[in-house]
Amino acid sequence: SIEKVHQEKLNRKGKSDWAQEYKYRYLVLTPNDAWGPSVNEYRADSLGKQTFQLGLSENVMLTAGFVSAPLVFHPAYQRGSNFRLLGRQIANGRSAFVVAYAQDPAKSRLFGSFQRGAESSLTYSQGVAWIDTENYQIMRLTTDLLSPMPQVRLDKESTEINFSEFHFKRPSQKFWLPEAVTVTLDWNGKLLRNQHGYSDFLVSNVD
């Protein structure tokens, strides 16, 4: 897909002090691991070359991993989290189950990562999903850190992902994919916000 990223630094009143925008090609590969499905996500430039964080001099963070976020609900990974049905609610004009989850680091095969330079730390999450009561697709997912990470000065990482249904002619299938994402980070005394938008989805098979 095409990904547009809007990055901001916020003051403590939530107002933007600085912003920048980039556009990428966002690539998603879905191999099968021995214990279940997996998702690999990459960013590329207009020529298809993999690219990494831009604007490091401004101390911003480029966030990713939104396609794989719902995997915590997949049967292959459910043992790694605790779940609770909170009830029903109308979301986007449709009836939805509201389900909360919290990962168990001792059991979970899924984890995120927070990387700064050569340093990388594992992250685990908790959150709430709005699941369509008719087709059981996740329409909206909000996540937070399971606990703050003082060792890397990460106090908060909150994500809101809105999914939409996209149709492809070849193959004749439909997928629920992220359309709009907002991530807020409280890191090292800085309040950062990333907004991601996705469009122009294409699908292909590669041998």
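Conventions we followed
- Residues numbered from 1 in each chain as written.
- Predicted model: local features only at pLDDT ≥ 70, side-chain atom pairs only at ≥ 80, totals over all residues.
- Heavy atoms only, no water.
- Salt bridge = Lys/Arg side-chain N within 4 Å of Asp/Glu carboxyl O.
- Helix = DSSP H or I, 4+ residues; strand = E, 2+ residues; numbered from the N terminus.
- Pairing = 2+ DSSP bridges.
- Axes fitted to C-alpha atoms, helices over the stretch in contact; angles between N-to-C directions.
- Core = buried A, V, L, I, M, F, W, Y, C linked by side-chain atoms within 4.5 Å.
- Buried < 20%, exposed > 50% of the residue type's maximum accessible area, 1.4 Å probe, protein only.
- Contact = heavy atoms within 4.5 Å.
- pLDDT = per-residue confidence, 0-100.
- Phe/Tyr/Trp six-rings, centres within 6.5 Å; stacked < 30°, edge-to-face > 60°.
- Lys NZ or Arg CZ within 6 Å of the ring centre and 35° of its normal.

So, on to the pattern of salt bridges. This structure, assessed with the given rule, holds seven salt bridges. The partner of R193 in a salt bridge is E8, and the shortest N-O contact between them spans 2.9 Å. Here R193, found in strand β14 (residues 190–199), pairs with E8, found in strand β1 (residues 2–10); they are 185 residues apart in sequence, far enough to count as distant. Between R12 and D186 there is a salt bridge, and its shortest N-O distance comes to 3.2 Å. Note that R12 is positioned in the loop between β1 and β2 (16–29) and D186 in strand β13 (residues 173–187), a separation of 174 residues in sequence.

On the basis of which strands lie adjacent, the open sheet formed by 10 strands has the order β5-β2-β1-β14-β13-β12-β11-β10-β7-β6 and antiparallel pairing. Whereas interior strands pair on both sides, the edge strands pair on one side only; in this sheet they are β5 (40–44) and β6 (81–91). Averaged over neighbouring strand pairs, the angle between their axes works out to 25 degrees when direction is ignored.

We now examine the nonpolar core. The biggest cluster of nonpolar side chains holds 32 residues, and the ones touching the most others in it are F73, F114, I138, L141, L154 and I161. When neighbours within four sequence positions are excluded, I161 is seen to be in contact with F66, A69, M139, R140, L141, P178, A180 and V181. If you look at the next biggest cluster of nonpolar residues, it comprises seven residues, including V98, A100, V128 and M139.

Another aspect to go through is the confidence of the model for the chain. For the chain, mean pLDDT is 89; residues scoring 70 or higher make up 95% of the total. By mean pLDDT, the top-scoring element of the chain is strand β10 (residues 125–132) (98), and the lowest-scoring one is strand β3 (residues 32–33) (73).

Let's shift gears to the packing of aromatic side chains. For any pair of aromatic rings, the description rests on two quantities: the centre-to-centre distance and the angle between the ring planes. Throughout the structure, instances matching the rule amount to six aromatic pairs. Between Y22 and Y24 the ring centres are 6.3 Å apart and the planes differ by 35 degrees, which places this aromatic pair in the tilted class. For Y22, a relative accessible area of 25% puts it in the partly exposed group. Between F73 and F83, the ring centres sit 5.5 Å apart and the planes meet at 50 degrees, which makes this aromatic pair tilted. Taken together, the residues span a long stretch of sequence, with F73 in the loop between β5 and β6 and F83 in strand β6 at a distance of 10 residues. Feature note: the residues F73, F83 and Y101 constitute an aromatic cluster, connected by ring pairs. Taking the ring centre of W18 as reference, the NZ or CZ of K9 above it sits at 5.9 Å. The ring of Y24 is capped by R43, whose NZ or CZ atom sits 5.5 Å from the centre of that ring.

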